[in-house]
Amino acid sequence: MKQKNLLLLCDNYPLSAREFFIDDEMRVIAPKFDKVLIYTASADSGENLNRFVPANAEIVSFSRQKMEIGKLKSIFRIFKPVFVAELFFALRNLPVKYWLSAVKIMYVEIHRATNLKNDLVGLCKAKNLNPSDCVFYSYWHDYKALALALMLKENKSLKCIARAHRWDVFADKNTIPYLPFKSFIINNLSQSYSISDAGKFYFEQYLNRKLDDKVTVSRLGKFNGRQPNMDRQPNSVLICSCSNLIPVKQVDKIIEVISHLQTENIRWVHFGDGPLRSDLEQLSRGMLSDVQYEFRGIVANDKILDFYAENHVDLFINLSASEGIPVSIMEALSAGIPVVATNVGGTAEAVNSKNGFLVPADFDSNNVAKIVDNYLNLPISEQNVYRRNAYDFWREYFEAEKNYNEFVFHLNSL
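To start, this report covers the structure provided alongside it.

**Describing the nonpolar core**
Within the largest apolar cluster, 55 residues are counted, with the highest numbers of intra-cluster contacts made by Leu7, Tyr39 and Phe136. Counting residues in hydrophobic clusters, the runner-up holds 54 residues, among them Phe271, Val313, Ala335 and Tyr391.

Encoded structure:
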């Protein structure tokens, strides 16, 4: 059954290079709605990366700075039941040294969420949308999801949902091991959708209860109509990685691993950019003197998949300290590329002994290099088994058409 309207809350899509993984989801779910209203932050990048925008979509941008205005005037919100309940949760579950920081985080989040809730009410009026005819969808399980939970608590006729990924799930990976209002958000949204089994399990551990009725696992997916490249070039090895160049992605560890490889004629290509780029380029100059390497920067998603199809990529490496289930790994699998990855977050739900190699979060770079060397020394026929398994695993578990149609089916059942 076709829904009337979708109101999508996100951070950057489609006005910048970020949140690129929303493109494929919109290709599938947008046609199921009469109208899609995308409420997103103002653009922070002028780059034209040919983002997909549904024909039935309208983009409305908001200013993050404007959302911060009036914090002091929001002091009365600390007396609201939702704030008091969260305060007691934080005091019970956090060490004393984190109490003050947690209260500050709570205050900022409730301020942002309340402002956003009011903005959404005004937006629906301005666009002549009946809120009861909309699906309100926060792409992240943060203050935007909290805003929707507050809306739904006031108006039970609404349908409000949110996805949950990595940084918005795994509180223990934060400097302050706390994410605010999770119990309130999960209890009051129509449904939360974790992209991984690991995320759902973490929520259950964090809140100390089963959440089968409130949290559903709904995996992301990737389109790729290209065929895997099985034509390995003699006397050359191509390794790829793809991520933001930020500390949690540990690209410096990839450089260490590559520096320890005994295999010759290595070429390494990294897609993605970030604040650590100059440091990582300098590190590469010092450690990879015998390796061809390229930092490609931000590259359009389709161009990355074209590169994978046009080149025989021997391995894809992801050594992040924390992940949900990386879309970059889904992309590699869709191209029939075996993956070496850290066993963190939900990565084990995408990488296994048939399509790649999981390494512990506290891995030793020499040991990972041995795993890579051993794979590269396998007969081509055995390597091709890994490649076929990678492609088949993507088709079964991370194909976009399948996963996002299942997501819409679940929305219709709410």
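Next comes the rest of the account.
**Side note on helix α7 (residues 197-207)**
Because the α-helix completes a turn every 3.6 residues, residues three or four places apart line up on one side. Most of α7 sits inside the fold, with eight of its 11 residues counted as buried. Where α7 is buried, its residues meet α3 (81-93), β5 (159-164), α6 (182-188), β6 (191-194) and β7 (215-217). Two residues or fewer after α7 comes Asn208, characterised by a positive phi angle close to 60°.

**Considering a nonpolar patch on the surface**
On the surface, a nonpolar cluster with roughly 420 Å² of combined accessible area is contributed by Val84, Phe88, Leu91, Val96 and Trp99. Counting residues per element, the nonpolar patch draws most heavily on α3, at three residues. Inspection of the secondary structure assignment puts Leu91 in helix α3.

**Some thoughts on the environment of Trp394**
For Trp394, the location among the structural elements is in helix α13 (residues 380-397). Between the alpha carbons of Trp394 and Ala335 there is a distance of 8.8 Å; along the sequence they are 59 residues apart. The residues touching Trp394, leaving out its near neighbours within four places in the chain, are Lys222, Phe223, Asn224, Met330, Leu333, Ser334 and Glu399. One polar contact links the side chain of Trp394 to the main-chain carbonyl oxygen of Lys222, over a distance of 3.0 Å.

**Comments concerning the sheet that holds strand β12 (residues 339-342)**
Strand pairing in a sheet relies on backbone hydrogen bonds. The paired strands run either parallel or antiparallel. With parallel pairing, the six strands of this open sheet are ordered in space as β10-β9-β8-β11-β12-β13. Either end of the sheet is taken by a strand with one partner, and the two such strands are β10 (292-297) and β13 (356-359). Neighbour-to-neighbour, the strand axes of this sheet turn through a mean angle of 20°, independent of strand direction. Sheet topology places strand β8 (residues 237-242) next to strand β9 (residues 266-271); six bridges connect them, and they run parallel. Along β9, the bridge assignment pairs Val237 with Ile266.

**Some remarks on the layout of surface pockets**
Of the pockets and cavities examined, the second largest pocket occupies roughly 410 Å³. In terms of lining residues, the second largest pocket is bounded by 18 residues, among which Pro81, Val82, Leu150, Lys153 and Phe184 are the most central. Put simply, the parts of the chain that give the lining of the second largest pocket at least two residues each are α3, α4 (99-126), α5 (143-154) and α6. Here the lining of the second largest pocket takes six residues from α3, the largest share from any one element. In the lining of the second largest pocket, the residues fall into eight nonpolar, three polar and seven charged.

**With respect to α5**
Between the first and last C-alpha of α5 there are 17 Å, a value that for 12 residues agrees with the 16 Å anticipated at 1.5 Å per step. Within α5, 10 of the 12 residues are buried, which leaves it mostly tucked inside the rest of the structure. Every buried residue of α5 is listed here: Tyr143, Lys144, Ala145, Leu146, Ala147, Leu148, Ala149, Leu150, Met151 and Leu152.

**Examining empty space enclosed by the protein**
To find the voids left in a structure, one rolls a probe of water-molecule size over its atoms. A full pass over the atoms with the stated rule returns one cavity of 30 Å³ or more. If you add up the space inside the largest cavity, you get close to 40 Å³. In terms of lining residues, the largest cavity is bounded by Ser241, Cys242, Ser243, Lys249, Val251, Ile254, His270, Phe316, Ile317, Asn318, Leu319 and Ser320. Of all the elements in the fold, those that place two or more residues in the lining of the largest cavity are β8, α8 (251-260) and β11 (315-318). Broken down by element, the residue count for the lining of the largest cavity peaks at three residues, all from β11.

**Concerning the side chain of Thr342**
With respect to the element layout, Thr342 can be found in strand β12. Here Thr342 falls in the buried class, since its relative accessible area comes to 1%. A distance of 2.6 Å separates a polar side-chain atom of Thr342 from the backbone oxygen of Ser320. If we ignore the near neighbours within four places in the chain, the residues touching Thr342 are Asn318, Leu319, Ser320, Thr347, Leu358, Val359, Pro360, Ala361 and Phe363.

**With respect to the environment of Phe223**
Relative to the helices and strands, Phe223 is located in the loop between β7 and β8. Judged by relative accessible area, which is 24%, Phe223 ranks as partly exposed. In this structure the C-alpha to C-alpha distance between Phe223 and Glu25, which are 198 residues apart in sequence, comes to 9.3 Å. Those residues within four positions of Phe223 in sequence are excluded, and the remaining contacts are Asp24, Arg27, Val28, Leu305, Trp394, Glu399, Ala400 and Glu401.

**So, the packing of aromatic side chains**
Applying the stated criterion to the full structure yields 24 aromatic pairs. Seen from their ring centres, Phe83 and Phe181 are 6.4 Å apart, and the 55° between their planes marks the pair as tilted. Within this pair, whereas Phe83 is found in helix α3, its partner Phe181 is found in the loop between β5 and α6, the two being separated by 98 residues in sequence. Relative to Phe407, the ring of Tyr193 lies with its centre 5.0 Å away and its plane at 85°, an arrangement referred to as edge-to-face. Taken as a pair, Tyr193 in strand β6 and Phe407 in helix α14 (residues 400-413) lie far apart in primary sequence, 214 residues in all. The same class applies to Tyr193 and to Phe407, which are both buried. Three or more aromatic residues joined by ring pairs form one cluster here, namely Phe20, Phe21, Tyr137, Tyr139, Trp140, Trp167, Tyr193 and Phe407. Above the plane of the ring of Tyr143 lies Arg112, whose end atom (NZ or CZ) is 5.8 Å from the centre.

Thresholds applied
- Residues numbered from 1 in each chain as written.
- Predicted model: local features only at pLDDT ≥ 70, side-chain atom pairs only at ≥ 80, totals over all residues.
- Heavy atoms only, no water.
- Core = buried A, V, L, I, M, F, W, Y, C linked by side-chain atoms within 4.5 Å.
- Buried < 20%, exposed > 50% of the residue type's maximum accessible area, 1.4 Å probe, protein only.
- Helix = DSSP H or I, 4+ residues; strand = E, 2+ residues; numbered from the N terminus.
- Contact = heavy atoms within 4.5 Å.
- Patch = residues over 30% accessible without salt bridge, like charges linked within 9 Å, V, L, I, M, F, W, Y side chains within 5 Å.
- Areas by Shrake-Rupley, 256 points an atom, 1.4 Å probe, with all protein chains shown as cover.
- Salt bridge = Lys/Arg side-chain N within 4 Å of Asp/Glu carboxyl O.
- Polar contact = N/O pair within 3.5 Å; in protein donor to acceptor, adjacent residues only side chain to side chain.
- Pairing = 2+ DSSP bridges.
- Axes fitted to C-alpha atoms, helices over the stretch in contact; angles between N-to-C directions.
- 1 Å grid on protein atoms, 1.4 Å probe; cavity = no way out; pocket = protein on both sides within 12 Å on 5 of 7 lines; lining within 4 Å.
- Points joined across faces, edges and corners; volume = space filled by probe spheres on them.
- Nonpolar A, V, L, I, M, F, W, Y, C, P; charged D, E, K, R; others polar.
- Expected span 1.5 Å × (residues − 1).
- Phe/Tyr/Trp six-rings, centres within 6.5 Å; stacked < 30°, edge-to-face > 60°.
- Lys NZ or Arg CZ within 6 Å of the ring centre and 35° of its normal.

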